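# Residue-level structure breakdown
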Amino acid sequence: MRQYRVRLAAGRHATAPRARGFTLLELLVVIVIIGLLAGLVGPRYFDQLGKSNTKIARAQIDALEKALDQYRLDVGSYPTSEQGLHALYVKPNNVERWQGPYLKKPAPPDPWGRPYGYRSPGEHGDYDLFSLGADGKPGGSGEASDVMSWDPQVIGAAR
């Protein structure tokens, strides 16, 4: 780095101060502050992310229920468990009066990447439509809780 001399009055020269970087102590203080902020904000962010996945699953189940109801109005019954949700997009064999597709695209996977569970006839109504949550196992709490069509928390559920 070059040093520049500045001519002062009375013929004296002064050296311009060098640009100085951060000390190790200053960097450590900044890193600790960033770590504390991440420790406080991070868990809240990921908790909200889990809640939003559950809300997405509820909204998708609601949309699938509407398509299932339209299918029943046209065909006279809900798709069987063997036909599954695929019957909402592709006409099943031996089904008269199918007026679909009832979905613009095939049934989406749940927000955790697994297909929705579908049983018809269901244990809780004409059909059971559900997602097993983040853990993929029955039961659970938080993000791992199941989202079910017969649960009153499902948006628009009439059962």
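Everything below is about the structure shown above.
A short tour of the structure in this document, coming up.

Here is what the cut-offs are and how they apply
- Counting restarts for each chain, with residues numbered from 1 along the sequence as it is written.
- In keeping with the predicted nature of the model, local features appear solely for residues at pLDDT of at least 70, side-chain atom pairs appear and are counted solely at 80 or more, and the whole-chain, interface and lining totals rest on all residues.
- To obtain the side-chain values, all non-hydrogen atoms of the structure were used and water was disregarded.
- By definition here, a salt bridge exists when the distance from a side-chain nitrogen of Lys or Arg to a carboxyl oxygen of Asp or Glu is within 4 Å.
- A run of H or I in DSSP becomes a helix once it reaches four residues, and a run of E becomes a strand once it reaches two; helices and strands are each numbered from the N terminus.
- Type-normalised accessible area, obtained with a 1.4 Å probe on protein chains alone, sets the label of each residue: buried when under 20%, exposed when over 50%, and partly exposed for intermediate values.
- Put simply, two rings from Phe, Tyr or Trp (the six-membered ring, in Trp's case) pair if the centres are within 6.5 Å, and we call them stacked under 30 degrees between planes, edge-to-face over 60, tilted for the rest.

## Observations concerning the pattern of salt bridges
A complete count under the given rule lists two salt bridges for this structure. Where aspartate 62 meets lysine 66, a salt bridge forms, and the shortest distance between an N and an O atom there is 3.4 Å. Taken together, the residues span about one helical turn, with aspartate 62 and lysine 66 both in helix α1 (residues 24–75) at a distance of four residues. Take aspartate 62: its relative accessible area is 11%, and that puts it in the buried class. Its salt-bridge partner being aspartate 128, residue arginine 119 comes within 3.1 Å of it at the nearest N-O pair.

## Describing unusual backbone geometry
Glycine aside, the phi torsion of most residues is negative, and most peptide linkages are trans. Here the residue pair serine 120 and proline 121 is connected by a cis peptide bond, since its omega of 0° sits within 30 degrees of zero. Within the element layout of this structure, proline 121 appears in the loop between β3 (117–119) and β4 (128–131). Notably, asparagine 94 is not glycine yet its phi reads approximately 60°, a positive angle. Inspection of the secondary structure puts asparagine 94 in the loop between α1 and β3. A relative accessible area of 80% means that asparagine 94 is categorised as exposed.

## Observations concerning the packing of aromatic side chains
The description of an aromatic ring pair uses the distance of the two centres, along with the angle that the planes make with each other. Enumeration according to the criterion identifies five aromatic pairs in this entry. Geometrically, the ring pair formed by tyrosine 78 and tyrosine 127 is edge-to-face, given 4.7 Å between the ring centres and 65° between the ring planes. Of the two residues, tyrosine 78 is situated in the loop between α1 and β3 and tyrosine 127 in the loop between β3 and β4; the sequence distance between them amounts to 49 residues. The exposure class of tyrosine 127 is buried, given its relative accessible area of 1%. Taken together through their ring pairs, the aromatic side chains of Tyr71, Trp98 and Tyr102 make up a single cluster.

Everything listed here is a matter of coordinates, which is why it stays silent on function.
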